[in-house]
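Coordinate inspection notes
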Amino acid sequence: MTDANTQGSGQAKAQGLANQAEIESVVDRILVELKDIPGPLLPILHEVQHQLGYVPDSSLPIIGKALNISRAEVHGVVSFYHHFSSKPRGRHIIEVCRAESCQSMGGRDLEAHAKFSLGLDWYQTSLDKEITLEPVFCLGNCACSPAIRIGDEVYGRMDAEQFDEVVDELRTVPLAFSANPAEVK
């Protein structure tokens, strides 16, 4: 998709707050561009998620009709692949590696700290729509375990303190949070 096609969707993507007319407009533009390529369903779903930040349930019948497949078939693909989300997610997706190497190097402690410090469980989004926390089952960064990924950036040898620093930089409004209340200013 061209930049001109995605400019209006930035705010909707950042907060997952597209109304039905915006969803239909975005999906229609994507379908015009991609429906005639071979095997169009996955590229269409990827582009919908890229532009809106998720694949809204209301987009499934539109996509199905354009591709002459059922809504159930589209839903089956969306629900099968972990990459796709049918709910709005945060502006930043923090993925914490849960593979064996990361677990053996402190990954479980990092998971617990991430959940506690963000006040989120897996697949939950912060109230300010800034952060969604998700597990991932290998980032291919085993030599630098434990690891997290935020967007396209992989962070290795992550510990609780580094995690808090990275998250603080992501936030629109930095948090004055510490596991030690005496350190909060």
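As a starting point, this report considers the structure included with it. (Residues numbered from 1 in each chain as written. Predicted model: local features only at pLDDT ≥ 70, side-chain atom pairs only at ≥ 80, totals over all residues. Heavy atoms only, no water.)

Moving on to the overall build of the chain. Looking only at helices and strands, one finds eight helices and five strands in the chain. Across the chain, helices and strands are ordered from the amino to the carboxyl terminus as α-α-α-α-α-α-β-α-β-β-β-β-α. Every one of the 185 residues in the chain was classed for burial, and the buried ones make up 41%. Partitioning the contacts of the chain with sequence separation of at least 6, the portion at a separation of at least 24 is 63%. For the chain, the accessible surface area stands at approximately 10,500 Å², while carbon and sulfur atoms represent 52% of it. (Helix = DSSP H or I, 4+ residues; strand = E, 2+ residues; numbered from the N terminus. Buried < 20%, exposed > 50% of the residue type's maximum accessible area, 1.4 Å probe, protein only. Contact = heavy atoms within 4.5 Å. Areas by Shrake-Rupley, 256 points an atom, 1.4 Å probe, with all protein chains shown as cover.)

On to the nonpolar core. Judged by nonpolar contacts, the single largest core of 21 residues is most densely connected at I44, L45, V48 and I63. Breaking this core down by element, the ones donating at least two residues are α3 (20–34), α4 (41–52), α5 (60–67) and α6 (71–80). Sort the elements by how many residues they give to this core and α3 lands first, with six residues. Setting aside residues up to four positions removed in sequence, I44 forms contacts with I30, L31, L34, K35, I63 and L67. Ranked by size, the runner-up nonpolar core spans 16 residues in total, among them I131, I150, M158 and L170. (Core = buried A, V, L, I, M, F, W, Y, C linked by side-chain atoms within 4.5 Å.)

The end-to-end C-alpha distance of helix α7 (residues 100–118) is 23 Å, clearly below the 27 Å that 19 residues give at a rise of 1.5 Å each. Every buried residue belonging to α7 is among C102, G107, L110, E111, H113, A114, S117 and L118, and all of these are buried. Residues of α7 that are buried in the fold lie against β1 (92–97), β3 (131–136), β4 (148–150) and α8 (160–170). Once α7 finishes, G119 follows within two positions and takes phi at roughly 70°, a positive value. (Expected span 1.5 Å × (residues − 1).)

What follows is about the sheet that holds β1. Taken in spatial order, the five strands line up as β2-β3-β1-β4-β5 in an open sheet, and their pairing is mixed. The two strands at the open ends of the sheet, each matched to only one other strand, are β2 (124–125) and β5 (153–155). Direction of pairing for β2 relative to β3: antiparallel, over a ladder of two bridges. Note that in β3 the partner of Q124 across the bridge is L133. The sheet strands contacting α7 are β1, β3 and β4, and the helix crosses β1 at an angle near 145°. Along the sheet, α8 makes contact with β1, β3, β4 and β5, crossing β1 at roughly 165°. (Pairing = 2+ DSSP bridges. Axes fitted to C-alpha atoms, helices over the stretch in contact; angles between N-to-C directions.)

Limitation: the analysis is restricted to geometry and does not speak to function.
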